[in-house]
Amino acid sequence: MRKKIVAGNWKMNMTVSETKDLIAKLKDKCSTNDVDVVFVVPSIDVTTAKECLKGTNIKLGTQNFYYEDKGAFTGEISAKMILDAGAEYVIIGHSERRNIFKEDDAMINKKLLKAHSSGLKPILCCGESLELREKGTYKDFIEKQIKSAFENVSESDALNTVIAYEPIWAIGTGKTATSDEAEEVCKFIREIIGKLYNDNVKSNIRIQYGGSVNAGNARELFEKEDIDGGLVGGASLKEEFINIVNYK
Ligand code: 13P
C-alpha cells in the first residue's frame, strides 16, 4: 500500500513573518498520520518553518538546489545546506524552473542523482505544455523526461523518488486535468518506471498529480488508482490546504 503524499509548493510566496502566520493557521489540522504532508517553502523560510513546525509530523522541503557541494555558484544553495537547515524534501524539475530558468533534462538528472547521494528526498516534476497536449504527443514527451531524469539512478533511489505529474496547462490556470486525464498519465508514468526498473519499483513508487488542485477536486483525483496525492501550489497558501490534506 502506497502512503499518499500531499505537498504544498509555496513557490515565491511568504516572507519569514508571513511563514509564521501561515504555519500557525495550518499546522494543527495538517498534522496527520494518514498522509505524508510536506510544506515546500522558499529556502530563506526553512529555519523559521522548522521552528514553527516543532511537535508536528509535517515535513519540510525546498523548491530547488544546485548539484555541486560548494563553491563559486552565486545565488545557489547546496543539498547539505538544505539538510542542515532542517528540510528533507526538494522539488526538482518544476516546469517553472525548466521554462523560466532554462533547466534542461541533463541538469535535472544531475540534481536527482545528487539529491539521492546527499540524502534529500526528491519530488521530480514532469508534464507537458498545452501545445503538446493538443498535438497528442504528450506521452512521448513525458517518457523522454522520465527516462532522462532516471538515468543512472539505482533501484533503491528510484523507490525513494516521488514523481509529480504536472501538466503545464493546468498550473495556476484553474484548469485542472480531469481525474481521468490525470490518472491516464500517472498510470503511464508508472508503466515507464516498471520498464526502467521492475514490478516492485513500479508498484511502490509514489506519483502525485499537480495543477490547480483544490479542496473541491482533491478527493476525486487522489482516489484514482495511480495517483498518490498532490503537489499543490496556490491552494497551499490558504486554509483550504487543510481540506486538501484531509481530503477523505
Ligand atoms: P497550482 O496548484 O497553483 O496550479 O500550482 C501547481 C504547481 O505548480 C505545484 O508545483
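Now for a quick tour of the structure. (Residues numbered from 1 in each chain as written. Predicted model: local features only at pLDDT ≥ 70, side-chain atom pairs only at ≥ 80, totals over all residues. Heavy atoms only, no water.)

Side note on the overall build of the chain
In plain terms, the rule: Where helices and strands are cited, they refer to DSSP runs of H or I of at least four residues and of E of at least two residues respectively, numbered from the N terminus. When we talk radius of gyration, it's over C-alpha atoms, and the globule rule is simply 2.2 Å times the number of residues to the 0.38. We call two residues contacting when some pair of their heavy atoms lies within 4.5 Å. Positive charges are assigned to Lys and Arg, negative charges to Asp and Glu, while His and the chain termini are left out of the count. Charge positions are represented by NZ for Lys, CZ for Arg, CG for Asp and CD for Glu.
Within the chain one finds 12 helices and 8 strands. Over its C-alpha atoms the chain spans a radius of gyration of 17 Å, differing by no more than 12% from the 18 Å that the globule rule assigns to 248 residues. Each principal axis of the C-alpha distribution contributes one length, and for the chain these read about 45 × 45 × 35 Å. In the chain, the share of contacts with a sequence separation of at least 24, taken over all contacts with a separation of at least 6, comes to 73%. Taking the average location of the 35 positive side-chain charges in the chain and that of its 38 negative ones, the two points are 2 Å from each other.

Structural notes on the nonpolar core
A general feature of soluble globular proteins is that nonpolar side chains tend to end up buried together. Which entries qualify depends on this criterion: Nonpolar cores were defined as sets of buried Ala, Val, Leu, Ile, Met, Phe, Trp, Tyr and Cys residues, with membership established by side-chain atoms within 4.5 Å. With a 1.4 Å probe rolled over the protein chains alone, any residue whose accessible area is under 20% of its type maximum counts as buried; one over 50% counts as exposed, and the rest are partly exposed.
Membership of the largest hydrophobic core comes to 63 residues, with the highest contact counts inside it found for Phe39, Ile146, Phe150, Ile189 and Phe241. The element that contributes the greatest number of residues to this core is helix α9 (residues 179-196), accounting for 7 residues. Setting aside residues no more than four positions away along its own chain, isoleucine 146 makes contact with Leu124, Cys126, Ile163, Ile189, Ile192, Ile193 and Leu196. Listed in part, the 11 residues of the second largest apolar core include Val40, Tyr89, Cys125 and Val162.

Quick look at the site of the ligand
To be explicit about the condition: The rule for a residue being near a molecule or strand is that one of its heavy atoms must lie within 4 Å of it. Polar contacts, as counted here, are pairs of nitrogen or oxygen atoms within 3.5 Å of one another; within protein the pair requires one atom able to donate a hydrogen and one able to accept it, and residues that are adjacent in sequence qualify only if both atoms are side-chain atoms. Accessible areas in this description were obtained via Shrake-Rupley with a 1.4 Å probe; residue shielding takes into account the shown protein chains only.
Taken together, 13 residues sit near the ligand, with Lys11, His94, Gly172, Ser212 and Gly234 positioned nearest. Contacts to the ligand include serine 212, whose backbone N or O atom sits 2.8 Å from an oxygen atom. Here an oxygen atom of the ligand sits 2.8 Å away from a polar atom, N or O, in the main chain of glycine 234. In isolation the ligand offers 310 Å² of accessible surface; the protein chains occlude 95% of this area.

Considerations on the side chain of lysine 11
Following the sequence through the fold, lysine 11 ends up in the loop between β1 (5-9) and α1 (16-30). Separated by 2.8 Å, the side chains of lysine 11 and glutamate 96 make a polar contact. Ignoring sequence-local partners within four residues, the contact set of lysine 11 consists of Val40, Pro42, Gln63, His94, Glu96, Ile171 and Gly233.

Structural notes on the packing of helix α5 (residues 105-118) against helix α7 (residues 138-149)
Note the cut-off: Orientation is described by axes fitted as lines to C-alpha atoms, over the contacting stretch for helices, and by angles from 0 to 180 degrees between their N-to-C directions. Roughly parallel here means an angle under 35 degrees, roughly antiparallel means over 145, roughly perpendicular means 65 to 115, and every remaining angle is called oblique. Throughout this entry, Asp, Glu, Lys and Arg are counted as charged residues, while Ala, Val, Leu, Ile, Met, Phe, Trp, Tyr, Cys and Pro are counted as nonpolar. The remaining residues, Gly among them, count as polar.
Viewed as axis vectors pointing N to C, α5 and α7 meet at an angle of 45 degrees, and their least axial separation amounts to 8 Å. On the basis of their axis angle, the class for α5 and α7 is oblique. Contacts from Asp105, Ile108, Asn109 and Leu112 of α5 reach α7 at Lys144, Gln145, Ser148 and Ala149. Residues belonging to the contact of α5 with α7 are distributed by class as follows: 3 nonpolar, 3 polar and 2 charged.

Quick notes on the packing of aromatic side chains
Aromatic rings considered in pairs are described by the distance between their centres and by the relative angle of their planes. Inclusion rule: Note on aromatic pairs: the rings of Phe, Tyr and Trp (six-membered ring only in Trp) are paired at centre separations within 6.5 Å, and the planes decide the class, stacked below 30 degrees, edge-to-face beyond 60, tilted for the rest. Counting as a charge over the ring demands two things of the Lys NZ or Arg CZ atom: a distance within 6 Å of the ring centre and an angle within 35 degrees of the ring normal.
Enumeration over the complete set of coordinates arrives at 7 aromatic pairs. Look at phenylalanine 222 and tyrosine 247: their rings are 5.2 Å apart centre to centre, the planes differ by 85 degrees, and that puts the pair in the edge-to-face class. Placement of the pair is phenylalanine 222 in helix α11 (residues 218-222) and tyrosine 247 in the segment after α12 (240-245), with a sequence separation of 25 residues. In this structure phenylalanine 222 comes out as buried when scored by relative accessible area, which is 0%. Residue tyrosine 247 is classed as buried on the basis of its relative accessible area, which comes to 7%. Three or more aromatic residues link up through ring pairs in this structure, and these residues are Trp10, Phe39 and Phe241. The ring centre of phenylalanine 101 lies 4.2 Å from the NZ or CZ of arginine 97, which sits over that ring. One cation-aromatic arrangement involves lysine 139 over phenylalanine 188; the distance from NZ or CZ to the ring centre is 5.3 Å.

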